[in-house]
Each structure stands twice: as C-alpha cells, then as structure tokens.
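Single-letter residue listing:
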Amino acid sequence: PATSLQDIIGHAKEYGFVFPSSEIYDGLQAVYDYGQNGVELKNNLKTLWWKAMTQLNDNVVGIDAAIFMHPLTWKASGHVDSFNDPMIDNRDSKKRYRADQLLEGKAEEYTANGQPEKGQELLHEMGRLLDAGDLNGVRELIISEGIKDPISGTDNWTEVRQFNLMFSTQVGSVAEDASLIYLRPETAQGIFVNFLNVQKTGRMKVPFGIAQIGKAFRNEIVARQFTFRMREFEQMEMQFFVRPGTEMEWYERWRDTRMRFHQAVGLPTEKLKFHIHEKLAHYANAAVDIEYQFPFGFREIEGIHSRTDFDLKSHQELSRKKQQYFDNDVDPATGKPYGNYIPYVVETSVGADRLFLAVFCNAYTEEVVGEGEDQKTRTYLKLHPALAPIKAAVFPLVRKDGLPDKAEQIVKSLRSEFRVVYEERDAIGKRYTRQDLIGTPFCIAVDYQTLEDDTVTIRHRDTTQQERVHINELKARIGHDVSM
Ligand code: ATP
C-alpha cells in the first residue's frame, strides 16, 4: 500500500525526528519541534544548501539578518498591503477555510472527473475576481459551484475577508513608546536592505548573490500537512543581483541549478517537476516552482522568481537612500561603461522544513521480506548517507571478552569525522532494525575474529548485505559514501 502522510507523521514522531510543539499541552497547531534525529537531518540539508550556494559559486556570500526589521521594510515590500489570503467561515461548523483553496479543490475535482477545461475555467474566474478585489463575487462563486463544508455538509458561508498573514508584536517596554513590529514573513528583505553593505564591504561585482538561512513566520489560515505548512518555519533564500536585461538568462540558470540540487539530495527525477506561474506576483516578471510529489500530491518545495528591481526600488523610495550600483564594465553597444543602475534580482527560495518533509517521505521505505510464515514488512529510511543523522553504528557482537572495548576504540577513531554511535543493548538483529528506522547507512559489527585480524563486518542498510573489511579501511569507505 502507498505511504500515507499519517505513516510519515507517526514515524517522524516515534523515532525522534519531529514532535508536535508543546505536546504535553496538546500541541500548538502548525508548529513543530525537531527531535534528536530530525535536527541532524535538517542541519545536514541546511549545510548542503549553504555549501551549494556559498562554496560552489565564486560570487555568492552569506549573511544572517535579524528577524525583526524596521516596520517600513514591510510597507516597501508590499507585505503590509497585499500579503493576504482570502478566508471564509462556515457558520455551522465554525471552521475557517481559504476561499481560494476551496475553489482550487473544486477545480481539481473537475480535472479528476475528466473535465479539465471546466477546472481551468473555474481557476480563471477565481483569479479574475481576486484580482478585481471582488470578494463578494468569490463567495457567490463558492456557493454557485455547490461547495459545501466537509464537516457540517452545509453551504452556510460567511462573507469572504482578506486576512494578512504577518504576525505582529510590540517593541518597547512602556505602552506609550511601544510600536508595532512584524515577525518577518520571508528572509529575503533582510538581504535587500543589506545589498549595499555587502556589495561595498565585499567589493562585490554584479552579478553576485547573497544567501541566507533563517526563520520566517506566517499566520497561515489553514495549516495542515505537517511540516509542509507551518506558522513558524525556516527558509533558505538567495537573491542574485544582475544587470537589467540579463535576468532571464540567470533565471534559467538558477532554475536548472536548483533542480539539480534536489536530485543530488536524492529526490527522484520522476517525483520532481517544474510548475511555471502564469499569473505573476506584483514583483515578478517570471516565476517557476519546483514541485515534489508528496503523498498528498505534487506541491511546491522551492520558488525561483525573477523579481526585477521591485524590492530595491521600493526600498530606495521609502528610505530615500540610493540603492544603485556603478557598473564599470563597458557596454559593447555604446563603448561606454554601463554606469549606475538598480540591479534586477533573481531569487531562489526553498523551505527547509518542506525540503525535510520531501526527503523524509522519499526515504520512508516499506519492503516485504522473507517467505511464507517468516514474511514481514521491513521499514527503513533510505536517506542519502550525506543526510543520515547517524553515519555508522558500531556493535560488539556480545558484551564480554573485550569486544565492547574494541568497538569503543573504533567509535573513537571515527567520531572526529562522522557522527557515530555505540550500541550494545538487545540482540544484534534488533540493533540493525533500530538503525534502519532512523536511516543509518552503515552498521559495523565487532566479533571474535576482529580480535584476531582487525577486520569487522559492515552491514549496508539498503541491501542488508554484509562484507568483511579491515578497520583501517573504515574511514575511507564511510567517507566515500557520505560525501556529495
Ligand atoms: P504556498 O503557496 O505553498 O503558501 P508560497 O508560494 O507562499 O507557498 P513562497 O512565499 O514562495 O511560498 O516561499 C518560498 C518557500 O518557502 C516555499 O517554496 C516553501 O518551501 C517555503 N514556505 C512558504 N510558506 C511555508 C510554510 N507555511 N511552511 C513551511 N514552508 C513554507
């Protein structure tokens, strides 16, 4: 049977990857904590992304900007005025929905029932109404399409209201002095406001990029699907500053580079696809999503956007600080330097938690093994060794005759390079299973022969095959597989 999201959520919790936030108080909706294994896997993903950006490119550097920013930032970026979702409530169930998602669901239903044109038409009409700000029209469309609340079964809908997704709080200890401040809904703006700081102090020449990993906050109306849609999450964003007119070339380059990254972390090509945006956000002149096939369908994991000079230009207007760059390269058309301009920006933006979920879903494997009476399901995480929380587990076959000491020595010799654990509890089969469930690629067993000739068995997670190797070879063997 196909893996369900419930299988994934259950496994993530049971084996220390992801816990509901404040679980002893029954949790907090759409907020999650990463456990002892989850944090390792997520850190590995973040490190790979950071390296892919800042180490494998000459001209990309990183920053770490604060979560709080001057409130005008969000005026300039457009978030105060238009970072909204249309919401609607059902009066009988008292449940709240995103009006656009209700209509999208209906459109998907048409498509599934062999009427894709009807689905397209509906989406088109919804886009038209939302663009025109006709919220009453959106409500009427929901009713005329016969959309009912799945819980109450009625169409007793309230009016549609726009709901701003930004969280706000107050800074300042005295009420009179306090001023409203937002928790950033994206990390990108921290990069835009530091564009000139980095350009000048780093003597960066266009084209160049600034990368950042950090928390972002959105008061999502409907937050389901585990770490796919959270209210507090992490983004990995990179803004690439280019000369106007060259943005499409860079947009295509980054689109392809980013697709290769997702393949490199182990997501299979057939479960990845591009989804080109036809309807563009106010700041973009081209946009594409990379989608992954989750158990609940193809959904966005990363967006690549050509954002023009929208952000820098608005920051220049609101801050009254020039956001220009002087380009002294010679324009072959005029024979003169390109001179001053506000750069265009190509952005790549991926959610660390969504990528985590994609990688986790993809790794989760159930295999039927054995014959007849002995048949059982073997569950393991087929993670790329570079991502695995633990790279190797070392087991003494028995807890006596110097085998534990020998195993501990091996752990000591490996631990400065890899995350390695020592395990002596339970039968060896059980120890293998425990490591399979968290995705450890290698289990190293120390037995009586080890004491004689310094060889151990390595058992490989995916094949369960075992081979005998010399202790001196372990570092190279593990090192080979865990590098990317
Ligand atoms: P969606 O349409 O799914 O809400 P979005 O188009 O608003 O996503 P962007 O604003 O482009 O998303 O954000 C870039 C990336 O940040 C997304 O591709 C996603 O990986 C991640 N992201 C956005 N919102 C969330 C969230 N609520 N929880 C987890 N990750 C998120």
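As the structure is a prediction and not an experimental result, all values here were calculated from the model.

## Considerations on the domain arrangement of the protein chain
Next, step 1: As assigned here, the protein chain comprises domain 1 (5-67 + 187-361), domain 2 (87-164) and domain 3 (390-482).
Next, step 2: Look at where the C-alpha atoms of domain 1 and domain 2 centre, and you get two points 30 Å apart.

## Here we look at the nonpolar core
Nonpolar side chains tend toward joint burial in soluble globular proteins.
Next, step 1: One finds Leu45, Phe240, Leu355, Phe356, Ala358, Val359 and Phe360 to be the most contacted residues of the largest nonpolar core, which totals 66 residues.
Next, step 2: Here this core takes nine residues from helix 12 (residues 352-363), the largest share from any one element.
Next, step 3: Contact partners of Phe240, with chain neighbours within four places excluded, come to Pro207, Gly209, Trp250, Trp254, Val345 and Val346.
Next, step 4: Core analysis: the second largest hydrophobic core is formed by 20 residues, Phe395, Ile410, Leu474 and Ile478 among them.

## A short note on the pairing of strand 19 (residues 392-396)
Next, step 1: When you tally the buried positions in strand 19, you get five out of five residues, the bulk of the element.
Next, step 2: Both faces of strand 19 are covered, namely the face carrying Ala392, Val394 and Pro396 and the face carrying Ala393 and Phe395.
Next, step 3: Where strand 19 lies against strand 20 (residues 420-422), three bridges are found, and the strand directions are parallel. Residue pairing across strands places Ala393 opposite Val421, the latter belonging to strand 20.
Next, step 4: In this fold, strand 19 hands off to helix 13 (residues 403-414), which returns the chain to strand 20; that crossover is right-handed.
Next, step 5: Relative to strand 21 (residues 442-446), strand 19 runs parallel, the two being bridged by five bridges. Considered in strand 21, the bridge of Ala392 is made with Phe442.

## A short note on the sheet that holds strand 9 (residues 208-217)
Next, step 1: Taken in spatial order, the seven strands of this open sheet run 3-9-10-16-13-12-11, and their pairing is mixed. Either end of the sheet is taken by a strand with one partner, and the two such strands are strand 3 (60-62) and strand 11 (272-276). Within this sheet the neighbouring strands show an average axis-to-axis angle of 25°, counted without direction.
Next, step 2: Two strands pair when backbone bridges link them, and strand 9 and strand 10 (residues 232-242) are joined in this way by ten bridges, in the antiparallel orientation.

## Considering the environment of Glu249
Next, step 1: Residue position: Glu249 is located in helix 10 (residues 247-264).
Next, step 2: Take Glu249: there are 12 C-beta atoms within 10 Å of it, and that puts it in the exposed class.

## Remarks on helix 14 (residues 428-438)
Next, step 1: Buried within helix 14 we find Tyr432, Gln435, Asp436 and Ile438.
Next, step 2: Note on helix 14: the residue one or two positions beyond its end, Gly439, has a positive phi of about 85°.

## Digging into the packing of helix 5 (residues 99-112) against helix 7 (residues 135-144)
Next, step 1: One way to put it is that helix 5 packs onto helix 7 with a least axis distance of 10 Å and a crossing angle of 35°. The interaxial crossing formed by helix 5 with helix 7 has left-handed handedness. Between helix 5, through Ala99, Leu102 and Leu103, and helix 7, the contact on the second element is made entirely by Val138, Leu141 and Ile142.
Next, step 2: Across the contact of helix 5 with helix 7, the residue classes tally to six nonpolar, no polar and no charged.

## Some points on helix 16 (residues 474-482)
Next, step 1: For helix 16, the complete set of buried residues consists of Leu474, Ile478 and Val482. Across the axial projection of helix 16, the buried residues extend over an arc of 40°, all falling on one side. For helix 16, the exposed residues lying more than 90 degrees away from the buried face are Ala476 and His480.
Next, step 2: Buried positions along helix 16 lie against strand 19, helix 13, strand 21 and strand 23 (466-470).

## Quick look at the site of the ligand
Next, step 1: Lining the immediate environment of the ligand, one finds 15 residues, of which Phe233, Gly303, Ser349, Gly351 and Arg354 sit closest.
Next, step 2: Within the residue set of the shell around the ligand, elements represented by two or more residues are strand 10, strand 13 (297-308), strand 16 (344-351) and helix 12.
Next, step 3: When residues in the shell around the ligand are grouped by element, the largest group, four residues, is from strand 13.
Next, step 4: Partitioning the shell around the ligand into residue classes produces four nonpolar, four polar and seven charged.

## Concerning the packing of helix 2 (residues 38-54) against helix 12
Next, step 1: For the pair helix 2 and helix 12, the least separation of the axes is 10 Å and the interaxial angle reads 115°. As the angle between them shows, helix 2 and helix 12 are arranged roughly perpendicular. Every pair of crossing elements has a handedness; the one defined by helix 2 and helix 12 is right-handed. Each of Leu41, Lys42, Leu45 and Lys46 in helix 2 lies in contact with helix 12, whose residues at this interface are Ala352, Leu355, Phe356 and Val359.
Next, step 2: Taken together, the residues of the contact of helix 2 with helix 12 sort by class into six nonpolar, no polar and two charged.

## A closer look at the environment of Asn90
Next, step 1: Within the secondary structure layout, Asn90 lies in the loop between strand 4 (84-89) and strand 5 (96-98).
Next, step 2: Considering only alpha carbons, one finds Asn90 and Gln263, 173 residues apart in sequence, at a separation of 42 Å.
Next, step 3: With residues up to four places along the chain from it excluded, the contact list for Asn90 reads Lys95, Asp149, Ser152, Thr154, Asn156 and Trp157.

## Section: the pairing of strand 18 (residues 376-381)
Next, step 1: Here strand 17 (residues 364-369) pairs with strand 18 via six bridges, running antiparallel. Each residue of the ladder has a partner; that of Val369, found in strand 18, is Lys376.
Next, step 2: Here strand 17 folds back onto strand 18 in antiparallel fashion, the turn holding six residues, of which Gly370 has a positive phi close to 80°.

## What to know about the sheet that holds strand 22 (residues 455-460)
Next, step 1: Strands sit in the order 20-19-21-22-23 across an open sheet of five strands; the sheet is mixed. Strands at the two margins of the open sheet, each flanked by one partner only, are strand 20 and strand 23. Each adjacent strand pair in this sheet contributes to an overall mean axis angle of 25°, direction not counted.
Next, step 2: Across the sheet, helix 13 lies against strand 19, strand 20 and strand 21, angled at about 160° from strand 19, the strand it touches most.

## Thoughts on the UniProt feature "binding site: substrate" (unreviewed entry) in the protein chain
Next, step 1: UniProt feature "binding site: substrate" (unreviewed entry): in the numbering of this structure it lies at Arg98, Glu186, Phe233, Glu234, Gln235, Met236, Glu237, Glu347, Thr348, Ser349, Val350 and Gly351. Of the residues just listed, which span 254 residues, the most distant C-alpha pair is 26.7 Å apart, and they do not cluster in one region.
Next, step 2: Mapped onto the fold, Gln235 is located in strand 10.
Next, step 3: Beyond its immediate stretch of four places on either side in the chain, Gln235 contacts Glu186, Thr187, Gly214, Ala216, Ser349, Gly351 and Ala352.
Next, step 4: With respect to the helices and strands, the residue Glu237 is situated in strand 10.

Rules and cut-offs
Residues numbered from 1 in each chain as written. Predicted model: local features only at pLDDT ≥ 70, side-chain atom pairs only at ≥ 80, totals over all residues. Domains from an automatic or database assignment. Core = buried A, V, L, I, M, F, W, Y, C linked by C-beta atoms within 7 Å. Buried ≥ 20, exposed ≤ 12 C-beta atoms within 10 Å, placed from the backbone. Helix = DSSP H or I, 4+ residues; strand = E, 2+ residues; numbered from the N terminus. Contact = placed C-beta atoms within 7 Å. Pairing = 2+ DSSP bridges. Right-handed = clockwise from strand over helix to strand, strands pointing away. Axes fitted to C-alpha atoms, helices over the stretch in contact; angles between N-to-C directions. Left-handed = near helix turned anticlockwise from the far one by under 90°. Nonpolar A, V, L, I, M, F, W, Y, C, P; charged D, E, K, R; others polar. Arc of directions from axis to C-beta. Near = placed C-beta within 6 Å. Parallel < 35°, antiparallel > 145°, perpendicular 65-115°, else oblique. UniProt positions renumbered as here; feature names shortened; annotations may be inferred.

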